[in-house]
Every structure is written in C-alpha cells, then in structure tokens.
Amino acid sequence: MNITGRLLIIVATLLCFSGCASTSTPGDPFESANRKSWDFNYKIMDKHVLKPAAKGYEKIPQPVRKGVSNLLSNLSEPLYAVNNLLQWKVTDSGSSILRFVVNSTIGLVGIFDPATDMGLLQKQETFAQTFGAWGVGNGPFVMWPVYGASTARNTVGDFVDVFVYPLSLLTFEQRLGKFTLEGLDSRIEFQQYEPMLNGSLDPYGYVKDVYLQRDAYLVSDGKVKKTEADTFDEEFDNELLDDELLDAEPLDDHTLDDQSLEAKPLSDKKSDTKK
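Since we're looking at a predicted model, the values are computed, not measured.

Q: Please explain the environment of Gly 56 as it appears in this structure.
A: Turning to its location among the elements, Gly 56 is positioned in helix α2 (residues 31-58). Gly 56 gets classed as partly exposed once you look at its relative accessible area, which sits at 37%. Considering only alpha carbons, one finds Gly 56 and Leu 184, 128 residues apart in sequence, at a separation of 9.6 Å.

Q: Teacher, can you tell me more about the pairing of strand β2 (residues 148-151) here?
A: Every regular strand shows the same layout, with side chains that alternate between the two sheet faces. Note that strand β1 (residues 141-144) and β2 share four bridges and pair antiparallel. Opposite Trp 144, over in β2, you have Gly 148 as the bridge partner. Between β1 and the antiparallel strand that follows it, β2, lie three residues; Val 146 among them carries a positive phi value of about 70°.

Q: Would you mind showing me how to read the pattern of salt bridges here?
A: When their charged atoms lie close together, side chains carrying opposite charge are able to pair. In total, this model carries 13 salt bridges according to the counting rule given. One salt bridge in this structure joins Glu 31 and Arg 35, with 3.0 Å as the shortest N-O distance. Of the two residues, Glu 31 and Arg 35 both sit in helix α2, four residues apart, roughly one turn of that helix. Judged by its relative accessible area of 28%, Arg 35 is partly exposed. In this structure, the salt-bridge partner of Asp 215 is Arg 153, at a minimum N-O distance of 2.6 Å. A residue pair is termed long-range when its members are at least 10 positions apart, and Asp 215 in helix α11 (residues 203-219) and Arg 153 in helix α8 (residues 152-161) qualify at 62 residues. Classification of Asp 215 as buried rests on a relative accessible area of 9%. What you see here is one network of salt bridges that share partners, running through Asp 46, Lys 51, Arg 187 and Glu 194.

Conventions used here
- Residues numbered from 1 in each chain as written.
- Predicted model: local features only at pLDDT ≥ 70, side-chain atom pairs only at ≥ 80, totals over all residues.
- Heavy atoms only, no water.
- Helix = DSSP H or I, 4+ residues; strand = E, 2+ residues; numbered from the N terminus.
- Buried < 20%, exposed > 50% of the residue type's maximum accessible area, 1.4 Å probe, protein only.
- Pairing = 2+ DSSP bridges.
- Salt bridge = Lys/Arg side-chain N within 4 Å of Asp/Glu carboxyl O.

Encoded structure:
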C-alpha cells in the first residue's frame, strides 16, 4: 500500500473515533483505555526503561549530548520551513531554510548551531500546528502506548511530518534512534517537574491538561483565547470596580484635615446653666 493510501486510512479512522459518543470526560472518549496506556507508560516503561536509560545518558558529557540534540534538531528545519510557509509566515520560513543551510555546512551537519549566533532563531512549526492554525479541531485526546500523549489531529500531523526531506530519507531504525534520543533528552528535562506530577491527585488528568494547554499555546503562537468563564470573571470584576471604586470621589488629605480642625468637639461646647 502506498503512502497516500496509508494516510487516508489513518485519517478516516481518527475521524471515526472523533465521532464516537461517550459519557466520559469531554474530549476524552477513550479515557478508560487512555488511563491503561498511561499506567503502562509511566509505571512500567518509564520506571523500568526510560528513567534508568535517561540517568545513564545524562552521564555523557553535556557538550556531546548538545551536539547530538543539535544534529537531530537540524534535520527538522526543512519541516519547519514548509509549515511556516503554509501558515503564511514567509520570513520565518526563510529563516528556517537559512538555518538548515548554515548549520549543515558551517555547523558540521548540525552538530553546532552557528545560525543562532547569527541571529537566526529557530521557528518550530509542524503539520500538527499547521492543521490547528487552519482550524482543524483536536479530536479526541489519545494516550498512545510508548509514544505518549497526543490528539487525533496531532497524531495525523506527526505521521505527515516524517515525509518531509530529509526526515523522509531516514530508515525505520534511524527514526527509532532519533525518537529514542529525543525521548531521553525530554526525560532529563522532565526531572525538575516530576515532584509536581507525583504530588498530583490525578497524574493522568494533570498530564492531559498540561498537554492540551501547551498544544493550544503552540497553535495560537501564545495567543490563547479566553474562555467564557474568564470573560465572565473579568466583566464581573469590572462591574464591582465601577460600582464601588470608580464612582467614589477620592478624599483629599488636606481637606479632611481642615474639616477636622474646624469641627468643634462636643467637650468644647458651653453648657447652658440657665433654667
């Protein structure tokens, strides 16, 4: 089966999933299965495989790990260029192309990152973010075994990403190695947030909320829309300010002192002794 056929099957399947009715948490119709995947990912895979591997990988000198991370990141620059262009971010698309050229040559296939020193900052945009910018909804939340948190839209987007040059040239084994090394880097960075997750009453719900909030932030380029509840709270607070504070005349300290001095205390009044 060709690539187009596989993509159509995945899209059709995810669209079918997104239409399934559910009485569980809105946006999470597969919550029961997702929680089982979460337990497998965090209590088994992370505890016995990923976390020990990350601790071992962390012992490698940081400059070496940074060089590997730079190389892997450089492979995605053409992907970022394409998606910036699809979102009409022409300048950012050109920056991504220049970053790829500079880091692939001067930076020794991306091991070093001279492009950043030249002021060419990385502008990460993937197909998942492009679909979101085009108005495609998230679809149901999905916790994939091993792969982790995602949504229907992001799953399709991640699948399409691998067909952009030079990611399309990687073999399955090379893609697996890239995924593993990036996962180890992410696990090392996650260590600082681990106490927060373990202290949560519902770690699965915590991860889901954080993932969806971050996804909304990335799709909107940091311009997350206010919810109806946020708008109501803001309007309610403004009404209170208008009624209680804004209509009140500010007191002048000098005027208050003058009035206090002019007023005669009751003890100073002369009593009338006449009968």
